[in-house]
Every structure is written in structure tokens, then in C-alpha cells.
Amino acid sequence: MANFPKGFLFGTATSSYQIEGAVNEDGRTPSIWDTFSKTSGMTYNGDTGDIACDHYHRYKEDVVILKEIGVKAYRFSIAWPRIFPEKGNFNPKGIDFYKRLVEELLKNDIIPVATIYHWDLPQWAGDLGGWLNRDLIYWYSEYSQKLFKEIGNVVPMWITHNEPWCASILSYGIGEHAPGHKDYREALIAAHHILLSHGEAVKIFRDMNIKESQIGITLNLTPAYPASERDVDRLAAQYADGFSNRWFLDPIFKGNYPEDMIELYKEEIGKFDFIKSEDLGIISQPIDFLGINFYSRSIVKYSEKSMLKWIGVEGPGAKTDMGWEIRPESLYDLLKRLDKEYTRIPIYITENGAAFKDIITEDGKVHDQERIEYIKEHLKYANKFIKEGGNLKGYFLWSFLDNFEWAFGYSKRFGIVYVDYKTQKRILKDSALWYKEVINRASIVF
Ligand SMILES: CO[C@H](O)c1c[n+]2c([nH]1)[C@H](O)[C@@H](O)[C@H](O)[C@H]2CO
């Protein structure tokens with residue numbers, strides 16, 4: 001048995017483009033993900049977020065389910081294209097949806113946790129160059145300020161960005177996410193502007209002096225391990241760690257980009273002329289909490305062929321339906337490292353979860369025991385960190401609902417609630433019923 005401290009925030013998480021649907025409703029205009037998902041070959045089966053889980057219309061029913069599961073908090077994201085459908089043009093109907101959602105959550109004693117940006121950039125901003133354009137920082141500041149003004153006093157936790165690594169490296173460098181560019185210099189420019197927009201939003205939040213609310217950022221962090229004890233593989237792990245983790249952790253918590261990575265990158269991307277002298281001071285403003293999204297680890301070996309000097313090696317452990325190795329011990333390693341090397345501010349696991357091939361059995365249920373084991377094992381290591389004095393304050397299971405899994409479309413199911421996309425029927429999986437017990441007892445039995 002592992003007990004969690006009183007007040008530990010058990011929650012679930014989603015994001016706007018992945019669950020809302022209603023992409024043309026109440027003034028919303030397209031995002032870069034509407035465009036990307038409608039571009040041939042970009043998503044599995046040509047799937048789009050046009051309908052998704054129809055959460056925009058079913059949010060009351062969904063909050064009832066959240067209440068039934070007993071979550072203490074619910075992390076959702078706000079669709080920028082609903083709030084500012086055109087450049088500079090605020091859409092009151094857009095914010096009204098989130099006011100209704102927040103009201104429903106509060107009525108059910110569920111703490112709203114809002115992510116300002118979870119990748120659905122308005123296409124009008126995409127047309128201005130997206131995150132490659134430093135002017136986006138101004139438009140993101142306008143957007144954030146409006147959110148703080150409209151619902152700042154009813155949303156106690158604000159997350160500026162979800163996973164700057166995905167919104168920059170995966171989107172402008174690797175090309176798997178919108179806008180689908182494959183240029184590493186662009187990726188680092190986008191990363192810098194996203195981090196800078198984070199800092200500007202924190203400044204605005206502080207200046208507005210919003211009582212009883214806190215602000216932070218969510219980073220996806222992947223601990224990197226060498227495939228062998230050879231020096232070259234240890235160097236490869238250092239570079240993989242810089243690529244995935246330190247390029248974002250260091251500016252936020254140390255006020256500088258990691259020197260070893262600047263050295264590694266400069267041949268490929270030339271001058272870091274997109275970084276202005278005042279930028280790192282803005283990025284590294286103190287925040288109230290750090291959100292971390294943890295799913296798995298990476299194991300790497302040295303490779304001269306790669307600009308990054310490493311290539312991935314498959315881990316020995318069982319895999320999820322995404323092919324990610326199940327390695328809960330690495331969550332503990334990550335938390336201990338953050339505590340030792342970066343920060344002692346409150347940490348929230350803002351995403352952790354797994355996709356498995358869920359099926360509805362003859363009894364009309366979804367017996368997802370693999371997901372229960374995955375969550376249980378990660379909560380076990382989270383609890384170990386807390387018992388050792390770690391400042392972990394919450395856990396948001398990814399995800400509440402099966403949803404649009406980006407380039408994988410609807411082929412991957414992460415939810416603890418099954419969604420039949422044909423009928424929009426929701427079915428609580430065994431994992432939802434198990435999680436309800438965990439929350440109720442604030443403990444796990446293993
Ligand atoms: C390596 O996993 C990433 O950290 C990650 C995994 N996930 C994420 N980031 C995103 O924040 C979610 O929108 C995804 O749906 C979710 C599941 O893929």
C-alpha cells in the first residue's frame with residue numbers, strides 16, 4: 001500500500017483540438033492542425049479533429065463522468081482560434097465556452113487547470129510564419145492577457161505551454177506535427193520564441209496580480225540512458241539529454257542554453273542570431289510550478305551519421321501500443337534529477353498514460369488491465385519520490401477520454417474512458433473504475 005499526502009491532486013488531462021470538435025462553431029477559425037490534418041498523408045487515415053469527442057457539445061456529460069471518477073482536478077487546453085479567430089479580433093463566444101466549462105467543473109468541486117497553448121495555433125498566425133516569427137510573442141501575450149482578464153480569477157492553475165519540444169522540434173525540425181517543416185534551425189528558432197512567449201505571459205500574469213492563481217509550464221521530459229558503458233555511448237546520452245530535456249530546462253531554470261548543445265548545433269544552424277540579450281532573463285522568470293509529461297525513457301548509442309551524434313536503441317521492456325517502452329523507474333530517476341539539478345518548486349505530473357489496443361468485450365466493458373498496471377507502477381515510483389521528500393503535488397492521467405492522437409489520428413486509445421466515435425458513447429474502462437478507487441483512498445495497493 002502506498003498512501004499519497006492529503007491534498008495530492010489526482011486529475012486527468014486532455015487538449016482542445018484532440019477532444020472538442022465543433023471546429024467551425026461560434027466563430028472558431030482553422031488552426032494549423034485543421035490545415036495539417038486535412039493535408040493528404042499527414043495523419044493516419046486522414047483523420048481530423050473536426051468532430052473528435054464532440055466535447056464542445058457534450059462537456060456537461062463529460063464533467064459528470066469526471067465527477068463520477070472523482071478527479072480533484074481536470075487539465076484542459078484553450079483553443080486560441082476560438083478566442084482570437086482573426087488577428088487582433090477577440091471572439092466573446094469563444095471564451096464563453098470555457099466560462100461554461102469552468103463553471104461546470106467548479107460546480108462539481110473539480111479544480112480547472114488550463115493550458116494556454118496545446119499546439120492548435122490559429123492559421124492566421126501560421127500564415128504570419130507561426131513560431132518562426134518573433135511577432136508571435138506579441139499575439140500570444142494579447143491572447144494570454146485576455147484569458148487572464150476573462151477567467152484568471154476562476155482558474156487557479158495556468159500552464160503557458162504544453163511541451164515546447166513538440167511544438168518546435170517535432171513540428172519545425174522533424175516534421176511529424178503541424179506545420180510539418182523539416183529544418184533544424186527553424187526548430188530552434190521556434191523553440192526560442194515559444195520559451196520567450198512563456199516568459200512574457202508570466203510577466204503579464206504577475207503584473208495582473210491574479211490572486212489565488214499560479215502559473216507554470218509543462219515540459220515533456222525523456223530521461224536518456226547510454227546503450228553501453230562505452231564513453232562514446234555516454235556522450236551520446238549526454239547529447240540526447242540535451243536534445244530532449246536540457247535545451248528547455250536550462251533556459252527556464254538556469255537562464256542559459258546548454259553550452260555543449262550550442263557547440264553541437266552551431267555547425268548545423270549557424271549563428272544564434274535569433275537570441276537577443278534580454279531574452280534569457282525573460283524566459284527564466286520564476287514560475288510557481290513545473291509540469292512534466294512523462295511516458296518513457298530513451299536508450300541511445302553514439303552515431304557519427306547523425307548531426308545529434310546519437311541514435312535510439314530499442315529498450316528491453318514491454319511496450320505500449322505507441323511502441324514506447326514501459327519503464328516507470330525512469331520517472332523516479334527524472335524526478336530525483338529535477339530535484340537535485342533544477343528546482344524544488346512544486347512539480348505536477350501533467351501527463352502520464354498509455355495507449356493499448358482496447359476492445360469492448362461481450363459484457364460491454366473494456367478490461368484494460370495493462371493500463372491499470374502501467375498507471376499503478378508509475379504512481380508507485382511517484383510515491384517513492386514523495387516519501388523521500390520530493391515536492392510532487394499532483395498527477396494528471398493522460399487521458400480522460402480516447403481522443404485524436406495527432407498524426408496517429410484515432411488509431412491510438414489513451415483514455416480511461418472509451419469513446420465510440422460512431423455514436424459518441426462513453427464507456428468507463430476498468431482503469432477509470434480503478435483510478436476512482438485510488439483517488440478515493442488516496443493510495444495504491446500493489
Ligand atoms: C513522448 O510523449 C510526449 O511527451 C507526449 C505524449 N502525449 C503528448 N506528449 C501530448 O501532450 C498529448 O497531446 C498526446 O496525446 C500524448 C500522447 O501521445
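The protein goes by beta-glucosidase in an unreviewed UniProt entry, where it is assigned to Thermoanaerobacterium aotearoense SCUT27. For the protein, the Sequence similarities (unreviewed entry) comment in UniProt is given as "Belongs to the glycosyl hydrolase 1 family." Here the protein is described in UniProt, under the heading Catalytic activity (unreviewed entry), as follows: "Hydrolysis of terminal, non-reducing beta-D-glucosyl residues with release of beta-D-glucose."

J.: Honestly, the overall build of the protein in this entry has me stumped. Any pointers?
T.: Along the protein, the regular secondary structure elements total 15 helices and 15 strands. Computed over its C-alpha atoms, the radius of gyration of the protein comes to 21 Å, within 12% of the 22 Å expected for a compact globule of 446 residues. Along the three orthogonal principal directions, the C-alpha set of the protein runs to about 55 × 50 × 45 Å. A burial count over the protein gives 62% of its 446 residues as buried. Contacts in the protein between residues at least 24 apart in sequence constitute 77% of all its contacts with a sequence separation of at least 6. When the accessible surface of the protein is split by element, carbon and sulfur atoms take 51% of a total near 17,200 Å². Mean positive and mean negative side-chain charge positions of the protein (55 and 63 charges, respectively) differ by 3 Å.

J.: Hey, could you run me through the site of the ligand in this one?
T.: Lining the immediate surroundings of the ligand are 14 residues, of which Q18, E163, E351, E405 and W406 lie closest. In the model, an oxygen atom of the ligand is placed 2.7 Å from a nitrogen or oxygen of the E351 side chain. Taking 420 Å² as the accessible area of the ligand by itself, protein coverage stands at 89%. Under a 2 Å grid-point criterion requiring more than half of the atoms, the pocket assigned to the ligand is the largest pocket. Classifying every residue of the shell around the ligand by side-chain character gives six nonpolar, five polar and three charged.

J.: Is there a simple way to explain the UniProt feature "binding site: substrate" (unreviewed entry) in the protein in this structure?
T.: Mapped onto the present numbering, the UniProt feature "binding site: substrate" (unreviewed entry) falls at Q18, H118, N162, Y295, W398, E405 and W406. Lining residues of the largest pocket, restricted to the annotated ones just named, are Q18, H118, N162, Y295, W398, E405 and W406. Along the chain, Q18 falls in helix α1 (residues 16–19). Given the relative accessible area of 1%, Q18 is considered buried. For Q18, the contacting residues outside a window of four places in its chain are A52, C53, H118, W398, N403, F404, E405 and W406. Inspection of the secondary structure puts E405 in the loop between β12 (392–398) and β13 (417–420). The contacts of E405, once residues within four sequence positions are left out, are Q18, M322, W398, K412 and F414.

J.: What am I meant to see in the layout of surface pockets here?
T.: Left-over empty space is what a probe sized like a water molecule reveals as it rolls over the atoms. Taken as a whole, the largest pocket encloses approximately 1,100 Å³ of empty space. Lining of the largest pocket is provided by 42 residues; of these, W165, L170, N220, T222 and W324 occupy positions nearest its centre. Among the secondary structure elements, those contributing two or more residues to the lining of the largest pocket are α8 (164–174), α10 (231–254), β9 (298–302) and β10 (310–313). Here the residues of the lining of the largest pocket are counted per class, giving 21 nonpolar, 13 polar and eight charged. As for the second largest pocket, its lining consists of P223, A224, Y225, D241, D333, L334 and R337. Considered class by class, the residues forming the lining of the second largest pocket number four nonpolar, no polar and three charged.

J.: Honestly, the pattern of salt bridges in this entry has me stumped. Any pointers?
T.: Pairing between side chains of opposite charge can happen when their charged atoms approach one another. Counted by the stated rule, this structure contains 39 salt bridges. Across the pair D241 and R246 runs a salt bridge whose closest N-O atoms are separated by 2.8 Å. Per residue, the accessibility class of D241 equals that of R246, and both read buried. The partner of K357 in a salt bridge is D321, and the shortest N-O contact between them spans 2.8 Å.

J.: For this particular structure, what's the right way to read the sheet that holds strand β11 (residues 347–352)?
T.: Two strands in a sheet stick together by hydrogen bonds in their backbones, pointing the same way (parallel) or opposite ways (antiparallel). Taken in spatial order, the eight strands of this closed barrel run β2-β3-β4-β5-β6-β8-β11-β12, and their pairing is parallel. For this sheet, the mean inter-axis angle between neighbouring strands, taken without regard to orientation, is 25 degrees. Bridge analysis of strand β2 (residues 9–13) against strand β3 (residues 73–77) gives three bridges, and the strand direction is parallel. Note on β3: the bridge partner recorded for T12 is Y74.

J.: Would you mind going over the side chain of R82 with me for this structure?
T.: Note that R82 resides in helix α4 (residues 80–83). Note on R82: relative accessible area 1%, which makes it buried. In this structure the side chain of R82 is engaged in a polar contact, spanning 3.2 Å, whose partner is the backbone oxygen of A22. Not counting residues up to four positions away in its chain, the partners in contact with R82 are E20, G21, A22, E25, R28, Y56, N91, G94 and Y98.

Reading the values: rules and limits
Residues numbered from 1 in each chain as written. Predicted model: local features only at pLDDT ≥ 70, side-chain atom pairs only at ≥ 80, totals over all residues. Heavy atoms only, no water. UniProt positions renumbered as here; feature names shortened; annotations may be inferred. Helix = DSSP H or I, 4+ residues; strand = E, 2+ residues; numbered from the N terminus. Rg over C-alpha atoms; globule rule 2.2 N^0.38 Å. Buried < 20%, exposed > 50% of the residue type's maximum accessible area, 1.4 Å probe, protein only. Contact = heavy atoms within 4.5 Å. Areas by Shrake-Rupley, 256 points an atom, 1.4 Å probe, with all protein chains shown as cover. Lys, Arg positive; Asp, Glu negative; His and termini not counted. Charge placed at Lys NZ, Arg CZ, Asp CG, Glu CD. Near = heavy atom within 4 Å. Polar contact = N/O pair within 3.5 Å; in protein donor to acceptor, adjacent residues only side chain to side chain. 1 Å grid on protein atoms, 1.4 Å probe; cavity = no way out; pocket = protein on both sides within 12 Å on 5 of 7 lines; lining within 4 Å. Sits in = over half its atoms within 2 Å of the grid points. Nonpolar A, V, L, I, M, F, W, Y, C, P; charged D, E, K, R; others polar. Points joined across faces, edges and corners; volume = space filled by probe spheres on them. Salt bridge = Lys/Arg side-chain N within 4 Å of Asp/Glu carboxyl O. Pairing = 2+ DSSP bridges. Axes fitted to C-alpha atoms, helices over the stretch in contact; angles between N-to-C directions.

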